[in-house]
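Residues per chain, in single letters:
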Amino acid sequence: MNFCGNCGSETVEKIPLGDHQIRRVCPKCNSIHYVNPKVICGALAIWGNKVLLCRRAIEPRYGLWTLPAGYMELFETMEQGAARETREEAEAEIQIEQLYCMYNIPRIGQIYVLFKANIIEGQFGAGDETLESKLFSEDEIPWNDLAFPSVERTLRHYFEDRKLDHYPTHLETLGTRIDHTG
């Protein structure tokens, strides 16, 4: 942020008093402009013994498969964000069961929060950001065409956890490979 969002003056880089990192600071009004991680909310949406995946109609990773997920909006909870993104991308209403996977992705400043959920009445479609949506059993998952490491990790957790019928919350920090998003 080269210009102050409060007064419009040009900002400078410096370490504010009591801080430990370089920030953009306005020398005129003393506003500190923080850059914080983005929260991505989504759902592992299930119907029967299958999981819902969406084939992306947008970059990054156009044409690859993902779980319905996206940036959390102001004034919504993570659960509301996951339900909204599922509705927008897969035209599906869901009933959230539990927090399922959380991924720290510090190299791109993101936090992924994925909920295990059931698709209400098994209805789904394809929203504006989706080429197609489809239910997959474990042996049908397009493993080589998944958009993001977070999607693969979540699916692997789910199919392993399903064998034991025990679904703990998974918390991980994802690797150092450069990706555009999780």
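Worth saying up front: this structure is predicted, and the values here are computed from it rather than measured. (Residues numbered from 1 in each chain as written. Predicted model: local features only at pLDDT ≥ 70, side-chain atom pairs only at ≥ 80, totals over all residues. Heavy atoms only, no water.)

Caption draft 1: Local environment of the confidence of the model for the chain. The predicted model of the chain has a mean per-residue pLDDT of 95, with 96% of residues at 70 or higher. Low pLDDT, under 50, characterises residues 178–182; the predicted model gives this stretch 23 contacts beyond four residues in sequence or across chains. (pLDDT = per-residue confidence, 0-100. Contact = heavy atoms within 4.5 Å.)

Caption draft 2: Spotlight on the nonpolar core. Judged by nonpolar contacts, the single largest core of 25 residues is most densely connected at Leu 44, Val 51, Leu 53, Ile 141, Leu 155 and Tyr 158. Residue assignment for this core shows that the elements contributing at least two residues are β4 (38–47), β5 (50–56), β8 (94–105), β9 (110–119) and α2 (149–164). Look past the residues within four positions of Leu 155 in its chain and what remains in contact with it is Leu 44, Val 51, Leu 53, Leu 67, Ile 141, Trp 143 and Leu 146. Counting residues in hydrophobic clusters, the runner-up holds eleven residues, among them Cys 54, Ile 94, Ile 119 and Leu 135. (Core = buried A, V, L, I, M, F, W, Y, C linked by side-chain atoms within 4.5 Å. Buried < 20%, exposed > 50% of the residue type's maximum accessible area, 1.4 Å probe, protein only. Helix = DSSP H or I, 4+ residues; strand = E, 2+ residues; numbered from the N terminus.)

Caption draft 3: View of the pattern of salt bridges. Taken as a whole and assessed by the stated rule, the structure comprises 13 salt bridges. Glu 85 is the salt-bridge partner of Arg 84, the closest N and O atoms lying 2.9 Å from each other. The pair Arg 84 / Glu 85 is uniform in exposure class, with both members buried. When the shortest N-O distance is used, the salt bridge between Arg 162 and Glu 138 registers 3.9 Å. Of this pair, Arg 162 sits in helix α2 while Glu 138 is found in the loop between β10 (130–136) and α2, placing the two residues 24 residues apart along the sequence. Note on Arg 162: relative accessible area 27%, which makes it partly exposed. Each of Glu 76, Arg 84, Glu 85 and Glu 88 takes part in salt bridges that share partners, so that together they form one network. (Salt bridge = Lys/Arg side-chain N within 4 Å of Asp/Glu carboxyl O.)

Caption draft 4: Focus on the packing of aromatic side chains. Inspection of the entire model under this criterion finds four aromatic pairs. Following the ring pairs from residue to residue traces out a cluster consisting of Tyr 100, Tyr 158, Phe 159 and Tyr 167. Above the face of the Tyr 167 ring, Lys 116 is positioned so that its terminal group lies 4.2 Å from the ring centre. When the ring centre of Trp 143 is taken as reference, the NZ or CZ atom of Arg 156 above it lies at 4.1 Å. (Phe/Tyr/Trp six-rings, centres within 6.5 Å; stacked < 30°, edge-to-face > 60°. Lys NZ or Arg CZ within 6 Å of the ring centre and 35° of its normal.)

Caption draft 5: Inspection of the pairing of β4 at higher detail. In terms of burial, β4 is largely enclosed, as seven of its ten residues are buried. Strand direction decides the pairing type here: β4 and β9, joined by nine bridges, are parallel. Paired with Leu 44 across the bridge in β9 is Lys 116. Strand direction decides the pairing type here: β4 and strand β7 (residues 69–71), joined by three bridges, are antiparallel. Looking at the pairing, Cys 41 lines up with Gly 70 of β7. The sheet contact formed by β4 and β5 spans two bridges and is antiparallel. Residue Trp 47 lies in a different strand from β5, and its bridge partner there is Lys 50. The loop that links β4 with its antiparallel partner β5 comprises two residues; one of these, Gly 48, has a positive phi angle of about 65 degrees. (Pairing = 2+ DSSP bridges.)

Caption draft 6: Expanded view of the state of the cysteines. Across all of its chains, the model carries zero disulfides by this definition. Not part of a disulfide, Cys 7 finds its nearest cysteine sulfur in Cys 26, a span of 3.5 Å. The thiol sulfur of Cys 29 is not disulfide-bonded, and the nearest other cysteine sulfur, from Cys 4, lies at 3.6 Å. (Disulfide = S-S within 2.5 Å.)

Caption draft 7: The sheet that holds strand β1 (residues 12–14), seen in detail. The sheet built from three strands is open, its strands ordered β1-β2-β3 with antiparallel pairing. On the outer flanks of this sheet lie β1 and β3 (32–33), each paired with one strand and no other. When β1 meets strand β2 (residues 23–25), the two strands line up antiparallel, connected through three bridges. Residue pairing in the sheet places Val 12 in a bridge with Val 25 of β2.

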